[in-house]
Amino acid sequence: MRQMALVAFLQAQNCTNFAASWRHPLARTDSWSPDYYRHIAKVLEAGKFDVGFFDDRLSMPDMYGRDHAHTVQYGIRCVKMDPVTILSMMGAATTHLGLGATYSTTYYEPFHVARVFATLDLMTGGRAAWNVVTSVNDGEAANMGKDHHLEHDLRYDRADEFMEIVLGHWNSWEEDAIVQDKAKGLFAHPDKVHRIDYQGKFLKSRGPFTVPRSAQGHPVVIQAGSSGRGRRFAAEWGELIFVHYRDLASGKALYAEQKAMVEKAGRDPENFRIATLLHPVVAETRAEAEDKKALIDTLPLEIDSLSLLSEALNFDFATKGMDEPFTDEEIAGISGMQAMRDRVLQVSGKKNPTPRDFIQATGRGYMREATVGSPKDIADKMEEWFTERACDGFVIGATHVPGAYEDFVNLVVPELQKRGIFRKDYTGPTLRHHLGLPIPSAHR
Ligand SMILES: Cc1cc2nc3c(=O)[nH]c(=O)nc-3n(C[C@H](O)[C@H](O)[C@H](O)COP(=O)(O)O)c2cc1C
């Protein structure tokens, strides 16, 4: 039977992607301690999750008012640690859990990214995954020594070259390159380790790469672009993609469309998994879950939304009154997440929405789209989406940590397992085994 994929949407920061989560009475207050991440890793592995995955951003959200004071004061994602370092520790605390992290193609060098993830892959027995992002805003540019963030589509053109280089390096040691024959003095076959000699419009890299191949061939490529250009990029390069489909009907249509895009890119759509975002609030009974949700709804502040919107759209919302319409130029000039901007235009039905419309349409900073209910309620929805092919799995966001993951693992996972749509145990050692993805060949 087809099995769903479960991904935990983790943050190496003081809150989850729900910024107010740190104020939750049950949220742990040591999110910069190793024990916090080791604990999460063990909870996820007990729940047989495919992968624990960290998002990333290379700056504090200080686009709003061009100042970080509010970010620090209200704890709006003001801590952001390097996710791969944390994954190494989580890998040491587990044996099977897949380990994913986000690194930016705009601000890192391809050789560096290839080496970091290939090393993580070896050190964890083939459990690594890289989430490819092109980054979103000027704050990241400023931290990484640039004046402005690159224009949207150009970032993706450049990212295409980045991928050629990373995959080129990852495939440059053939499977049987290493011999280690001490008697003959042969470490590895010179003709089985290749240079890539890549020269593109934006990037170049020579090789040969300095990290051998892992048990799963190379790390799994994750992608989450949602604009038209972003989705094409995902179709070209992604193996596991993250989406935010909002209802079953549009989810089914977008799922079918994305799989067709993969086929059009010359790839096998069966080797491509789509996981959609889900924020479960679960308890033994529906009434208890609703009480939990009522508490969660008391946590967000308006400043959380304004700050997060400024960051995601690369636009300073402090320059506008709450009910002041954006001008045509301001709308056209938004260079951050284009799909989010387009959704606001569509949902509000306005050509010139106001900041209030942006908050309304996106729900940024709030937990409006949570799925609230008993284990059966949550599993019913997941089963329906999965069997009706609106997705191959779910990216589970947390209202607070570690409680939201503990609840999910204790209450929802057994219900999914009972229905035969989620594994009772891992069936292989590597992340590709969990996801049912083939191990790529390096042979030329
Ligand atoms: C589950 C999930 C995780 C994401 N993680 C990140 C992230 O870590 N960093 C980031 O910049 N964008 C992240 N995104 C956003 C997308 O990767 C992408 O940046 C965004 O959709 C903008 O790209 P677009 O202009 O193609 O829509 C995430 C999206 C989803 C659904």
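What you see is a predicted model, and the numbers here were worked out from it, not measured in a lab. (Residues numbered from 1 in each chain as written. Predicted model: local features only at pLDDT ≥ 70, side-chain atom pairs only at ≥ 80, totals over all residues.)

Undergrad: How do you make sense of the domain arrangement of the protein chain when you look at a structure like this?
TA: For interface size, the figure often reported is the accessible area lost on association. Domain boundaries in the protein chain define domain 1 (5-298 + 369-435) and domain 2 (302-362). Between domain 1 and domain 2, the residue contacts involve 20 residues of the former and 17 residues of the latter. Among the elements that take part in the side of domain 1 that touches domain 2, helix α2 (residues 69-74) stands out by supplying 3 residues, more than any other. (Domains from an automatic or database assignment. Contact = placed C-beta atoms within 7 Å. Helix = DSSP H or I, 4+ residues; strand = E, 2+ residues; numbered from the N terminus.)

Undergrad: I'm lost on the site of the ligand in this one. Help?
TA: In the neighbourhood of the ligand, 22 residues make up the surrounding shell, with Asp55, Ala224, Gly225, Ser227 and Gly230 lying closest. Among the secondary structure elements, those contributing two or more residues to the shell around the ligand are β10 (240-243) and α12 (338-348). In terms of residue class, the shell around the ligand is built from 10 nonpolar, 9 polar and 3 charged. (Near = placed C-beta within 6 Å. Nonpolar A, V, L, I, M, F, W, Y, C, P; charged D, E, K, R; others polar.)

Undergrad: Please clarify how the pairing of strand β4 (residues 128-133) should be interpreted in this entry.
TA: Look at any regular strand and the pattern is simple: side chains alternate between the two faces of the sheet. Buried residues dominate β4, accounting for 6 of its 6 residues. Alignment of strand β3 (residues 98-104) against β4, held across 6 bridges, turns out to be parallel. What sits directly across from Tyr103, in β4, is Val132. Crossover connection from β3 via helix α4 (residues 110-123) to parallel β4: handedness right-handed. Pairing of β4 with strand β9 (residues 220-223) involves 4 bridges; the strand directions are parallel. Within β9, the position partnered with Ala129 by the bridge is Val220. (Buried ≥ 20, exposed ≤ 12 C-beta atoms within 10 Å, placed from the backbone. Pairing = 2+ DSSP bridges. Right-handed = clockwise from strand over helix to strand, strands pointing away.)

Undergrad: Explanation requested: α4 in the structure shown.
TA: Since the α-helix packs 3.6 residues into each turn, any two residues three or four apart lie on the same face. In this model, α4 (14 residues) spans 20 Å end to end at C-alpha, consistent with the 20 Å of a helix rising 1.5 Å per residue. Those residues of α4 lying buried are Pro110, Val113, Ala114, Val116, Phe117, Ala118, Leu120 and Asp121. Packing partners of the buried residues in α4 comprise α3 (83-92), β3, β4, α6 (152-170) and β8 (204-205). Once α4 ends, the next one or two residues include Gly125, with phi positive near 65°. (Expected span 1.5 Å × (residues − 1).)

Undergrad: Help me understand the nonpolar core in this model?
TA: Soluble globular proteins tend to bury their nonpolar side chains together. Core analysis: the biggest nonpolar cluster contains 119 residues, and Val7, Ala129, Ile222, Phe394 and Tyr405 have the highest contact counts within it. With 7 residues, helix α15 (residues 403-418) is the single largest residue contributor to this core. Counting the residues that make up this core, at least three belong to each of domain 1 (5-298 + 369-435) and domain 2 (302-362). Residue contacts for Phe394: discarding those within four places in its chain leaves Met4, Leu6, Val7, Ala275, Thr276, Leu278 and Met382. (Core = buried A, V, L, I, M, F, W, Y, C linked by C-beta atoms within 7 Å.)

Undergrad: I'm lost on the packing of helix α14 (residues 375-387) against α15 in this one. Help?
TA: Geometry of a packed helix pair, given as the angle between the helix axes and the separation of the axes. The interhelical angle for the contact between α14 and α15, taken along N-to-C directions, is 50°, at an axis separation of 9 Å. Classified by the angle their axes make, α14 and α15 are oblique. Note on packing geometry: the crossing formed by α14 with α15 is right-handed. Residues Pro375, Lys376, Ile378, Ala379 and Met382 of α14 form the contact with α15, whose own contacting residues are Leu411, Val412, Glu415 and Leu416. For the contact of α14 with α15, the class distribution of residues is 7 nonpolar, no polar and 2 charged. (Axes fitted to C-alpha atoms, helices over the stretch in contact; angles between N-to-C directions. Parallel < 35°, antiparallel > 145°, perpendicular 65-115°, else oblique. Left-handed = near helix turned anticlockwise from the far one by under 90°.)

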